[in-house]
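Coordinate analysis (summary)
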Amino acid sequence: MTVTGGAVTKRAVLAQVLICSGCCCGKTEKGKPPVPVDWLKARWKELGLKKRVQLTISGCLGPCDLVNVVCVMTQQGPVWLGGLTDFDHYAAIADWASAVMERGALLPLPEELMRFAFERFDVGAGAGLYTALPIN
Ligand code: FES
């Protein structure tokens, strides 16, 4: 679901990838799998992905019990991924972003990533939220 008011950005993208690097995700000193933050930043720059797929390294996204967490946001809504353990998982995200940029349109996330998808929101309790809130 997309809610829009009157604001317009010149930086509209096809997708935004939030990589959690908060209190737990990537914290190897706590026994968690690493998050290749520097590699991701370099890869995004190398492939020139920023204008089409925004990379955001984030603080804690909330569901720390599923480290490592990633949220891929598109006009179709968020896809939350949890439990990423391998470098290859992050490489697959970069490969997907590169394919999206080259095509100039969204592509489904690969199955190798979708097996980590989870439901982040309590959908029953959130029903009707956007229609209940005033837009101003
Ligand atoms: S630190 Fe990643 S979800 Fe909390």
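Chains are numbered independently. Their residues run from 1 in the order of the written sequence. Only residues with pLDDT of 70 or above have their local features reported here, since the model is predicted, and side-chain atom pairs are shown and tallied only from 80 upward, although totals for entire chains, interfaces and linings are computed over all residues. Calculation of side-chain values draws on the structure's entire complement of heavy atoms; hydrogens and water are dropped beforehand.

Thoughts on the overall build of the protein
Helix numbering and strand numbering both begin at the N terminus, where a helix is a DSSP run of H or I of at least 4 residues and a strand a DSSP run of E of at least 2. When helices and strands are tallied, the protein shows 4 helices and 5 strands. Reading the protein from its N end, one meets helices and strands in the order β-α-β-β-β-α-α-β-α. For the protein, the residues scored as buried account for 32% of the 136 residues in total. When checking whether two residues touch, look at their non-hydrogen atoms; a contact exists if any pair is within 4.5 Å. Counted over contacts in the protein with a minimum sequence separation of 6, partners at least 24 positions apart contribute 67%. For every residue, the accessible area obtained with a 1.4 Å probe (protein chains only) is divided by the maximum for its type, and the residue is called buried under 20%, exposed over 50%, and partly exposed between those limits.

Notes on the nonpolar core
Among buried residues, those of type Ala, Val, Leu, Ile, Met, Phe, Trp, Tyr and Cys that are joined through side-chain atoms within 4.5 Å constitute a nonpolar core. Ranked by size, the top nonpolar core spans 33 residues in total, and within it Val-17, Trp-44, Val-70 and Trp-96 carry the most contacts. Listing elements by their share of this core, those giving two or more residues are strand 1 (15-20), helix 1 (37-47), strand 2 (53-58), strand 3 (69-74), strand 4 (77-82) and helix 2 (87-103). Examining the composition of this core, we find that 7 residues originate from one element, helix 2, more than from any other. Discounting residues that sit within four places of it in the chain, Val-70 has contacts with Val-17, Leu-18, Ile-19, Val-79, Trp-80, Leu-81, Leu-84, Tyr-90 and Ile-93.

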